[in-house]
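Take a look at the letters that make up each chain.
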Amino acid sequence: QDFNKKNLANKAVIDQRRRLLDEWKAWRESVEERMEEEPGYKTADQKEEDGGEVIE
Amino acid sequence: MRPVLLSGHERALTQVKYSSDGDLIFTVAKDQIPSVWFSANGERLGSYSGHVGAVWTVDVNPDTTLLATGAADNTMRLWNVKTGKLLKTWEFESSIKRVEFSPDGRQLLGVTERRQNVLPSIMVFDIIPDVDAEQSSEHALRIICDESKATVAGFSYNAKYIIAGHEDGTVTQYDGKTGEYIDNIQAHEEEMQVTDLQWSPDRTYFITSSKDKSAKLITTDDLEVLKTYVTDTPLNSAAIFPVKDYVILGGGQAAMDVTTTSARQGKFEARFYHKIFEDEIGRVRGHFGPLNYVAVDPTGKSYASGGEDGYVRLHHFDRTFFDFMYEVEREAATGRL
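All values reported here derive from a predicted model rather than from experimental measurement. (Residues numbered from 1 in each chain as written. Chains lettered and ligands numbered in written order. Predicted model: local features only at pLDDT ≥ 70, side-chain atom pairs only at ≥ 80, totals over all residues. Heavy atoms only, no water.)

### Here we look at the sheet that holds strand β23 (residues 246–251) of chain B
Residues and elements named next belong to chain B. Taking strand neighbours across the sheet as the criterion, the four strands line up as β22-β23-β24-β25 in an open arrangement whose pairing is antiparallel. Pairing within the sheet leaves two strands with one partner each, and these edge strands are β22 (235–240) and β25 (280–287). Adjacent strand axes in the sheet meet at a mean angle of 20°, parallel and antiparallel pairs treated alike. Direction of pairing for β22 relative to β23: antiparallel, over a ladder of five bridges. Opposite S237, over in β23, you have G250 as the bridge partner. (Pairing = 2+ DSSP bridges. Helix = DSSP H or I, 4+ residues; strand = E, 2+ residues; numbered from the N terminus. Axes fitted to C-alpha atoms, helices over the stretch in contact; angles between N-to-C directions.)

### A short note on unusual backbone geometry
Look at R203(B): it is not a glycine, yet its phi comes out positive at around 60°. Secondary-structure assignment places R203(B) in the loop between β18 (194–199) and β19 (205–210).

### Details of the pattern of salt bridges
Counted by the stated rule, this structure contains 26 salt bridges over all chains. Residue K160(B) pairs with E38(A) through a salt bridge whose shortest N-O separation is 2.8 Å. Pair noted here: K160(B) is in the loop between β14 (150–155) and β15 (161–166) and E38(A) is in the loop between α1 (2–35) and α2 (44–49), and the two residues belong to different chains. Among the residues examined, E38(A) registers a relative accessible area of 16% and is labelled buried. One connected set of salt bridges, linked through shared partners, spans D232(B), E269(B), R271(B), E280(B), R283(B) and R285(B). (Salt bridge = Lys/Arg side-chain N within 4 Å of Asp/Glu carboxyl O. Buried < 20%, exposed > 50% of the residue type's maximum accessible area, 1.4 Å probe, protein only.)

### Brief notes about the interface of chain B and chain A
In this complex, chain B contributes 25 residues to the contact, which on the side of chain A involves 19 residues. Around 1900 Å² of area is buried between chain B and chain A when both sides are counted, 63% of it from carbon and sulfur atoms. The three residues of chain B that bury the most area against chain A are N158(B), I276(B) and V328(B), which together make up 24% of that side's buried surface. Connecting chain B to chain A are five salt bridges. (Contact = heavy atoms within 4.5 Å. Buried area = accessible area lost by both parts, 1.4 Å probe.)

### Re the UniProt feature "repeat: WD" (unreviewed entry) in chain B
Residue and element names in this part refer to chain B. Those places that UniProt annotates as "repeat: WD" (unreviewed entry) correspond, in this numbering, to residues 6–37 and 48–89. Secondary structure across residues 6–37 divides into 0% helix and 50% strand, with the first and last C-alpha atoms of the span separated by 8 Å. Across residues 48–89 one finds 0% helix and 52% strand; the C-alpha atoms that close the span lie 13 Å apart. (UniProt positions renumbered as here; feature names shortened; annotations may be inferred.)

So this is what it looks like as structure tokens:
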């Protein structure tokens, strides 16, 4: 019985983390979309394509 | 994690900053002499002499040519990073508690302290990113913080906003161009000072730490509190990792542990939390006094903490640190392949 309880608790934790991770990703996507309108803003991916944050 | 001790300061550390490529670490302390070190091995490269009071704050511009400092001698100063030469001194009527360059390095802000008959403020100066240029003595912007003095402040992405943390636990958003007040939230407990504000790499969100024993992750545009990290000790500093979803918090109760100087390792800890899940992952002990500042290498290779004990502890991460993933993170990562 204890074992079952523990498994249920673990599942609850994992479900919660999965939800938080999805929520975070959705928020980041919405920010990156909105930021495209900002002059000069580059997403992390774009920076990578440019060969990192090159300064000069 | 292999710790390197940067010993050279004679008094409590106040702020620690990495250069944008992570090669150099700039440190300031109550001993008046800002220093620069190689992050790879902790070797001291040089220092910047001129301040005649405790140095509270430091920042370096994006191309690592100009260093800004603020001190208890009521001056904000600009230095040539490479030569150590003093380039400019701005004088005020009170201490400078925080300095920060805008993301493009063309503006510099200084947070001034409250004093009798002197209102606390955030002063903004235009900066010419050239070590040979004559910098302006006149401020471009002055924001008076008459409700509650600002303790920390910085520029958002594109310097669109200036965000400040205050003595009363609130966080304010100002227009970056006009200085106009836009919004204010009670981010931390009332009358619990905001002690630090550090940005995410793209400055669309930031983290604040407070004496209320918590740190908060807040959005730049809406000042929405996304995450709360709860600890059991007053916090002095908080930083966001660039390559992993972690945050690192530093603080400590000053009076606890006064007799540990004989011990090989102090009991004051840097605390790691998962940025998204808000739970504590681990602690790194070592300091003999509260951690006054924590900074993360923008390339993610190391972190540094500055302590009340006068030491900077520099930790390079092991491979296992980067490989570690929560079950659901691994699941999401493999799902993408």
